[in-house]
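# Descriptive analysis of the structure
Okay, here's what each chain looks like letter by letter:
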Amino acid sequence: MGSTTKSLAGHTSIYMLGEILRKSVSLIMLPIYTRYLTPEDYGVIELLTMLIDISTIIFGARAARAVFRFYCTATNPEDKNSIISSALFLSFLFNLIGAVTIAILSRPLSMAIYADYSYQHYIIVFTIVMAFMPLSEIPLTHIRAQQRPWVFFTFSLLKLLIQVSLNIYFVVIKQMHVEGVIYSALIASVIMGVLLSTYSLWMTGLRISIATCKMLFTFSLPIKLAAIGSFYLTFGDRYILNIYTDLTQVGIYSLAYKFGFVFTIIAWDAFENMWDAEKYAIHEKPDAKIIYQKVFLYMSSILISVGLFISLFIKDLLIIMSDPAFHSAYKVVPIIILAYIIQSWGRYCDLGILLERKTIHIAYAHVIAVVVITAAYFTLIPAFGIYGAAWATVIGFTARFYWVNKKGKHYYDMELPWGRVGMLGILASSILLTAFFVPEEQALSIFFRSVLFFIFLITFFFLPILDKNQKQELLKIMLRHKHILP
């Protein structure tokens, strides 16, 4: 079991670096975006991105999770190659159909979203990004399923260099504002899509199977329906905020939400990149439940610790990096991070559902959450604006988690240590509440917040959250990471 944990830690470290590189363009560019773009510009980009995201969900095949399920359990290399090749073909075909459809409807969509036809051009350009998405997504899933973290890291670094270079050129040098962000995304998507799809097809050959396509689509259909609900849970508040407030408030809220995404990149996505394939292999081990419990405890410790760190320092970070027009976003960030901790728990607890191929329950969970969050949106947003939107997100994510956890335990109960995780959550909440009494002067603020986080770490180590062996193993993992991280 110790060697399994070390392997998980090693792969997670590399995936973490790769995931941060692959998705950190928005984080790296935040100081530039918040200087060269107005909150209104930020709101325009957010609504445009949301349109393409929901279009990808509606039209896309959503085959990535099916690839993990069948690739990792297949024993024949030819079957594995057929799964990747068929998933690539299926996903690209569906996204291409969707992109053409959205381009045809771009004029009425521009009026519906922005009450202005002049945004039609932006929508058309972004549909090309939509078409090329699967050419990156499926090959990266293939790399993860093969457990080749260094290859994942290499492509992630390449994507980062391309996107940052393009953003600096178009947004800073050419000062193209919204258009600059769009053209950067378009060129980067085309380049990475061609490179990654060529890599995967070189490894697998062109082995498209209609039967495999049907199998992937059947497994993914409930997940596709769930993804529509997930999109609404994540982004529906932007549309309702735009109704009750304005694009400026949408832009400020979107910036706050961006740190929720940053949190997931650092604390969850890297782990999930490794875990999507590894969890099926662990299930075959005689001590599987013990491993699941330990991994959950470590994973939750990281989620809560990283979430607290971001929440403590987000105010000072925004003051340093952004225009004063964006500073109020810090008040919403801790609430959004709480929502994403709950979402991460749900993704861990769906194991039983996936093992039994009962993915329809993931769709049911999202239907329940959509009903709950809609009531919360229209109750809280008109009264409390962006704060109401954030708390509505927590409520909706909690409803989804409840159903997934309930059904996941029904099919396979991992007997997770919720009591010890709850103890850690109470500790983190107490530290965060104490931070309200920190002085406003920035140097003192950073100092006292650092002291508070240090107190959290020391208290965490001495509380009975981890046993003696787990503390020793965690220390070994941390020391091991020193040789992996730059």
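From a predicted model like this one, the values you see are computed outputs, not experimental measurements. (Residues numbered from 1 in each chain as written. Predicted model: local features only at pLDDT ≥ 70, side-chain atom pairs only at ≥ 80, totals over all residues. Heavy atoms only, no water.)

## Considering the overall build of the protein chain
On a plain count of helices and strands, the protein chain comes out with 19 helices and zero strands. Its C-alpha atoms give the protein chain a radius of gyration of 22 Å, within 12% of the compact-globule value 23 Å for 486 residues. Classification of the 486 residues of the protein chain by burial places 57% in the buried group. Sequence-distant contacts in the protein chain: of pairs separated by 6 or more residues, those separated by 24 or more amount to 84%. Per element, the accessible surface of the protein chain, about 20500 Å² overall, is 68% carbon and sulfur. If you average the places of the 38 positive and of the 28 negative side-chain charges in the protein chain, the two averages end up 6 Å apart. (Helix = DSSP H or I, 4+ residues; strand = E, 2+ residues; numbered from the N terminus. Rg over C-alpha atoms; globule rule 2.2 N^0.38 Å. Buried < 20%, exposed > 50% of the residue type's maximum accessible area, 1.4 Å probe, protein only. Contact = heavy atoms within 4.5 Å. Areas by Shrake-Rupley, 256 points an atom, 1.4 Å probe, with all protein chains shown as cover. Lys, Arg positive; Asp, Glu negative; His and termini not counted. Charge placed at Lys NZ, Arg CZ, Asp CG, Glu CD.)

## Quick notes on the layout of surface pockets
Counted as a void, the second largest pocket has a volume near 820 Å³. Only helix H12 (288–321), helix H13 (333–348), helix H16 (386–411), helix H17 (418–434) and helix H18 (442–462) provide two or more residues apiece to the lining of the second largest pocket. No other element matches H12, which puts nine residues into the lining of the second largest pocket. Looking at side-chain class alone, the lining of the second largest pocket contains 21 nonpolar, five polar and five charged residues. (1 Å grid on protein atoms, 1.4 Å probe; cavity = no way out; pocket = protein on both sides within 12 Å on 5 of 7 lines; lining within 4 Å. Points joined across faces, edges and corners; volume = space filled by probe spheres on them. Nonpolar A, V, L, I, M, F, W, Y, C, P; charged D, E, K, R; others polar.)

## Quick word on the packing of helix H11 (residues 247–283) against H13
Any two packed helices are characterised by the angle at which their axes cross and by the distance between the axes. Orientation of H11 relative to H13, taken along the N-to-C sense of each, is 25 degrees, at an axis distance of 9 Å. Looking at the two axes, H11 sits roughly parallel to H13. Here H11 runs over H13; the crossing is right-handed. Residues Tyr253, Ala256, Tyr257, Phe259, Gly260, Phe261, Phe263, Thr264, Trp268, Phe271, Glu272 and Trp275 of H11 pack against Val333, Ile336, Ile337, Tyr340, Ile341, Ser344, Arg347 and Tyr348 of H13. Across the contact of H11 with H13, the residue classes tally to 15 nonpolar, three polar and two charged. (Axes fitted to C-alpha atoms, helices over the stretch in contact; angles between N-to-C directions. Parallel < 35°, antiparallel > 145°, perpendicular 65-115°, else oblique. Left-handed = near helix turned anticlockwise from the far one by under 90°.)

## Notes on the pattern of salt bridges
Evaluated as defined, the whole model comprises five salt bridges. One salt bridge connects lysine 289 with glutamate 415, and the closest N-O pair in it is separated by 3.4 Å. Placement of the pair is lysine 289 in helix H12 and glutamate 415 in the loop between H16 and H17, with a sequence separation of 126 residues. Of the residues examined, lysine 289 reaches a relative accessible area of 30% and is grouped as partly exposed. Taking the shortest distance from any N to any O, the salt bridge between glutamate 440 and lysine 315 comes out at 2.6 Å. Residue glutamate 440 is located in the loop between H17 and H18, and its partner lysine 315 is located in helix H12; the two are separated by 125 residues in the primary sequence. We classify glutamate 440 as exposed; its relative accessible area is 62%. Residue classification places lysine 315 among the buried positions, given a relative accessible area of 15%. (Salt bridge = Lys/Arg side-chain N within 4 Å of Asp/Glu carboxyl O.)

## As for helix H3 (residues 39–59)
Helix length check: H3, at 21 residues, gives a terminal C-alpha distance of 30 Å against a target of 30 Å (1.5 Å per residue), a fit within 8%. In terms of burial, H3 is largely enclosed, as 16 of its 21 residues are buried. (Expected span 1.5 Å × (residues − 1).)

## Considerations on the packing of aromatic side chains
Enumeration over the complete set of coordinates arrives at 33 aromatic pairs. An angle of 75 degrees between the planes, with centres 6.0 Å apart, marks the rings of phenylalanine 261 and tyrosine 340 as edge-to-face. A residue pair is termed long-range when its members are at least 10 positions apart, and phenylalanine 261 in helix H11 and tyrosine 340 in helix H13 qualify at 79 residues. For the ring pair tryptophan 345 and phenylalanine 401, a centre distance of 6.5 Å and an interplane angle of 50 degrees mean the geometry is tilted. (Phe/Tyr/Trp six-rings, centres within 6.5 Å; stacked < 30°, edge-to-face > 60°.)

## Observations regarding the nonpolar core
Counting residues in hydrophobic clusters, the biggest one holds 145 residues, and the most contacted among them are Tyr253, Phe263, Tyr292, Trp345, Tyr348 and Phe456. With 18 residues, the single largest contributor to this core is H12. The contacts of tyrosine 348, once residues within four sequence positions are left out, are Trp268, Phe271, Trp275, Tyr292, Val295, Phe296, Met299, Met414 and Leu416. Residues Phe152, Ile162, Phe170 and Ala188 belong to the second largest nonpolar core, which totals twelve residues. (Core = buried A, V, L, I, M, F, W, Y, C linked by side-chain atoms within 4.5 Å.)

## Here's the deal with the environment of leucine 338
Examined against the element boundaries, leucine 338 turns out to sit in helix H13. By relative accessible area, leucine 338 is classed as partly exposed at 36%. Sequence separation between leucine 338 and isoleucine 304 is 34 residues, and the spatial gap between their C-alpha atoms is 8.7 Å. The contact partners of leucine 338, leaving out residues within four places of it in the chain, are Trp391 and Val394.

## Some points on a nonpolar patch on the surface
Together, Phe89, Leu93, Ile97, Leu201, Leu206 and Ile208 give the surface a local cluster of nonpolar side chains, amounting to about 520 Å² of exposed area. Here the element with the most residues in the nonpolar patch is helix H5 (residues 77–104); it accounts for three residues. Locating leucine 201 in the fold gives a position in helix H9 (residues 177–204). Leucine 201 gets classed as partly exposed once you look at its relative accessible area, which sits at 31%. (Patch = residues over 30% accessible without salt bridge, like charges linked within 9 Å, V, L, I, M, F, W, Y side chains within 5 Å.)

## Quick look at the confidence of the model for the protein chain
Note: predicted coordinates in regions of low pLDDT should not be interpreted at a detailed level. Averaged over every residue, the pLDDT of the protein chain is 85; the share at 70 or more is 91%. Here helix H1 (residues 2–23) stands out as the element of the protein chain with the lowest mean pLDDT, 54, in contrast to H13, whose mean of 96 is the highest. In the predicted structure, residues 481–486 sits below a pLDDT of 50 and forms ten contacts with residues beyond four places in sequence or in another chain. (pLDDT = per-residue confidence, 0-100.)

## Some words on the packing of H5 against H9
As a packed pair, H5 and H9 sit with axes 9 Å apart at the nearest point and diverge in direction by 145 degrees. Like other packed secondary-structure pairs, H5 and H9 cross with a definite hand, here left-handed. For the pair H5 and H9, the contacting residues are Asn81, Ile84, Ser85 and Leu88 in the first and Ser197, Ser200, Leu201, Met203 and Thr204 in the second. Grouping the constituent residues of the contact of H5 with H9 by class yields four nonpolar, five polar and no charged.

## A few points about the side chain of glutamate 272
Looking at the secondary structure, you find glutamate 272 in helix H11. Accessibility expressed as a relative area gives 11% for glutamate 272, which makes it buried. Sequence-distant contacts of glutamate 272, that is, excluding residues within four places in its chain, are made with Arg144 and Arg347.

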